[in-house]
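The chain contents come next:
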Amino acid sequence: MKCTTIEKLIMDKTEIQYKSRKRLKEYQLHKIKETIAYVKENSKFYREYLKDIKAEYINSFKDFKNVPFTNSKDIIQNPFRFLCVPQKNIKRVVTLKTSGTTGYEKRIYFTEKDLELTVDFFSYGMKSLVDEGDRILVMFPGNSYGSIGYLLKRALEKINIYCYVQGIMKNTSDTADIIKNKHINCIVGIPIQLLQFSRSQSSIFKDRIDKILLSSDYVPETLVNEMTDKFKTKVFTHYGMTEMGYGGAVQCETLNGYHLRENDIYFEIVDPTTGREIKYGEPGEVVFTTLKSEGMPLIRYKTGDIASFSKNCCKCGSFLKTMNKVLGRIDNRFEISSHKYIYMSQLDEIILSFPQVMNYSLHIEDYNKIYVYLTLFNQCDFNKLSLEILKGIKNITFIEDELLNNIIEFKIINSTEDKQIKNSMLKRKIYDNRKKVYL
Ligand SMILES: [Zn+2]
């Protein structure tokens, strides 16, 4: 088993010389201080926001915990104030839609140097799964300069691996043709799209695809198991978000947790409510600080993702720590009674395990009614399917009382929505139409 290729990235790019966590932490602290000094000098937002923080007084990670968090809404309110370089130096702007109705959008800016850092991470990270002779299909957008597909292609060219960027899948038969014509054996894409493709083009998938890399959304365990058992496909997952410069962490061959891009990003896991550090290994909110960003560095940015660090060393033998699988987003849950939540990821595991299901969406209309709209591949016995799904939901043990006492009720609906695959990069989410008054 080969050691994670992220270790080589860290050794090549940090010049820490020894494979030691202590050395790496010293490097990260040094970079954090540099970044704080840099943003206080160059970003209007941080000059004001961190006016009481002095970089020279941050001499430990304990000191660093006094630095306030940056929230998504800070960027939404005025992304421009985060800029640390003149606008002419920005080579890519990504506009992310937000769920609010304020009309504001979240904008993330990158310089050429920022994009190069991502290409480096992708080059080393992709080596975790690709070997000489592999041919990769990328199901992410790649037409515009600096897009994920564009950067992945550049990264793969650097390591002499063939790559075809298809963009987001619009229909499965076109993708099947590309796989045949271009002799593809590995796909990089969004979990729900890969699920749809493998279920509708199962023979092509089984015969030709021996590994995949999933990114950009929660990766259901049921999907990983289906692909591994049914198709004998090796499933790698990547964790990242646009704010990190797309790339954040990737699994090694052990397929057991992510190795983090620790040369460019410092990761913390905190209590989502209090913001305090939590016991190592416990789940909490992922928070990150960029260490080398030029255009729009972020300090202690709260991601809204829930994960934990692994307590054990990775079996690949690396000195790097690992983060366990991301459990889902804080927003992607709904309260069913006081402080009791169901996460969309829990429902993913149940609903997506049925092979007839292509996708689903969750809408909460009343205080207690949760509508599950199913999009199905073909005609099937809908009543039987919905009963089986309800049975699965009833097995979520901690909601038994709420179900028994009719505090919540699930209704399964056969969606009449167009079965076309949506051309969307948006993460799947819950549509909670209740007033902001919970049970
Ligand atoms: Zn590993």
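Residues numbered from 1 in each chain as written. Predicted model: local features only at pLDDT ≥ 70, side-chain atom pairs only at ≥ 80, totals over all residues. Heavy atoms only, no water.

- An unreviewed UniProt entry annotates the protein as Phenylacetate-coenzyme A ligase of Clostridium tyrobutyricum DIVETGP.

Some details on the domain arrangement of the protein
Next up, step 1: Domains assigned within the protein are domain 1 (1-330) and domain 2 (333-432).
Next up, step 2: Taking only C-alpha atoms into account, the centre of domain 1 sits 28 Å from that of domain 2.
Next up, step 3: Residue-level contacts link 28 residues of domain 1 with 23 residues of domain 2.
Next up, step 4: Between domain 1 and domain 2 lies a buried interface of about 2200 Å² when both sides are counted; carbon and sulfur atoms form 58% of it. (Domains from an automatic or database assignment. Contact = heavy atoms within 4.5 Å. Buried area = accessible area lost by both parts, 1.4 Å probe.)

Considerations on helix α2 (residues 21-42)
Next up, step 1: The terminal C-alpha atoms of α2 lie 31 Å apart, and with 22 residues this matches the ideal 32 Å at 1.5 Å per residue to within 8%.
Next up, step 2: Of the residues making up α2, those classed as buried are Leu-24, Tyr-27, Gln-28, Leu-29, Lys-31, Ile-32, Thr-35, Ile-36 and Val-39.
Next up, step 3: Of the surrounding secondary structure, the elements contacted by the buried residues of α2 are α1 (5-14), α3 (44-49), α4 (61-64), β10 (265-270) and β11 (284-290).
Next up, step 4: The N-cap residue of α2 is Ser-20: its side-chain oxygen and the backbone nitrogen of Lys-22 are 3.3 Å apart. (Helix = DSSP H or I, 4+ residues; strand = E, 2+ residues; numbered from the N terminus. Expected span 1.5 Å × (residues − 1). Buried < 20%, exposed > 50% of the residue type's maximum accessible area, 1.4 Å probe, protein only. Polar contact = N/O pair within 3.5 Å; in protein donor to acceptor, adjacent residues only side chain to side chain.)

A short note on the packing of aromatic side chains
Next up, step 1: Summed over the entire model, instances satisfying the criterion amount to 15 aromatic pairs.
Next up, step 2: With a centroid separation of 4.3 Å and an interplanar angle of 20°, the aromatic rings of Phe-45 and Phe-82 are classed as stacked. Here Phe-82 lies in the loop between α5 (72-77) and β1 (90-96) and Phe-45 lies in helix α3, a separation of 37 residues in the sequence. In this structure, Phe-45 and Phe-82 share a single accessibility class: buried.
Next up, step 3: Relative to Phe-231, the ring of Phe-205 lies with its centre 5.0 Å away and its plane at 65°, an arrangement referred to as edge-to-face. Of this pair, Phe-205 sits in helix α10 (residues 202-208) while Phe-231 sits in helix α11 (residues 221-231); the two residues are 26 residues apart in sequence, bridging distant segments of the chain. Of the two residues, Phe-205 and Phe-231, neither departs from the other in class, the shared state being buried. (Phe/Tyr/Trp six-rings, centres within 6.5 Å; stacked < 30°, edge-to-face > 60°.)

Here's the deal with the coordination of the zinc ion
Next up, step 1: Those donors, Cys-252 (SG), His-259 (NE2), Cys-314 (SG) and Cys-316 (SG), are the protein atoms that reach the zinc ion, and they lie 2.1 to 2.3 Å from it.
Next up, step 2: Around the zinc ion sit four donor atoms, and with donor-metal-donor angles ranging over 104 to 114° the site reads as tetrahedral.
Next up, step 3: Mapping the donors of the zinc ion onto the primary sequence gives the spacing C-x6-H-x54-C-x1-C.
Next up, step 4: Overall, Cys-252 belongs to the buried group, its relative accessible area being 1%. (Donors = N, O, S within 2.8 Å, 3.2 Å for Na, K, Ca; no water. Tetrahedral: all angles 85-135°; square planar, octahedral: opposite > 155°, others 65-115°.)

Here's the deal with the side chain of Thr-303
Next up, step 1: Topologically, Thr-303 is positioned in strand β12 (residues 301-307).
Next up, step 2: Given a relative accessible area of 4%, Thr-303 falls into the buried group.
Next up, step 3: A polar contact is formed between the side chain of Thr-303 and the backbone nitrogen of Asp-305, at a distance of 3.0 Å.
Next up, step 4: Among residues more than four places away in sequence, those in contact with Thr-303 are Tyr-239, Met-241, Met-244, Glu-285, Val-286, Phe-288 and Arg-329.

Overview of the sheet that holds strand β14 (residues 328-329)
Next up, step 1: The strand order across the open sheet built from four strands is β10-β11-β12-β14, with neighbouring strands paired in antiparallel fashion. What marks the edges here is a single partner per strand, and that holds for β10 and β14.
Next up, step 2: Bridge count for β12 against β14 is two bridges, and the pairing is antiparallel. In the strand pairing of β14, Asp-305 is matched with Arg-329. (Pairing = 2+ DSSP bridges.)

Looking at the pairing of strand β6 (residues 211-214)
Next up, step 1: Neither face of β6 is exposed, since Lys-211 and Leu-213 on one face and Ile-212 and Leu-214 on the opposite face are all buried.
Next up, step 2: Where strand β5 (residues 186-189) and β6 come together, four bridges link them in parallel fashion. Of the residues in β6, the one forming a bridge with Gly-189 is Leu-214.
Next up, step 3: Inspection of the sheet shows β6 paired to strand β7 (residues 234-239) by four bridges, in the parallel sense. The residue bridging Lys-211 from the neighbouring strand is Lys-234, located in β7.
Next up, step 4: Of the crossover connections in this fold, the one passing from β6 over α11 to the parallel β7 is right-handed. (Right-handed = clockwise from strand over helix to strand, strands pointing away.)

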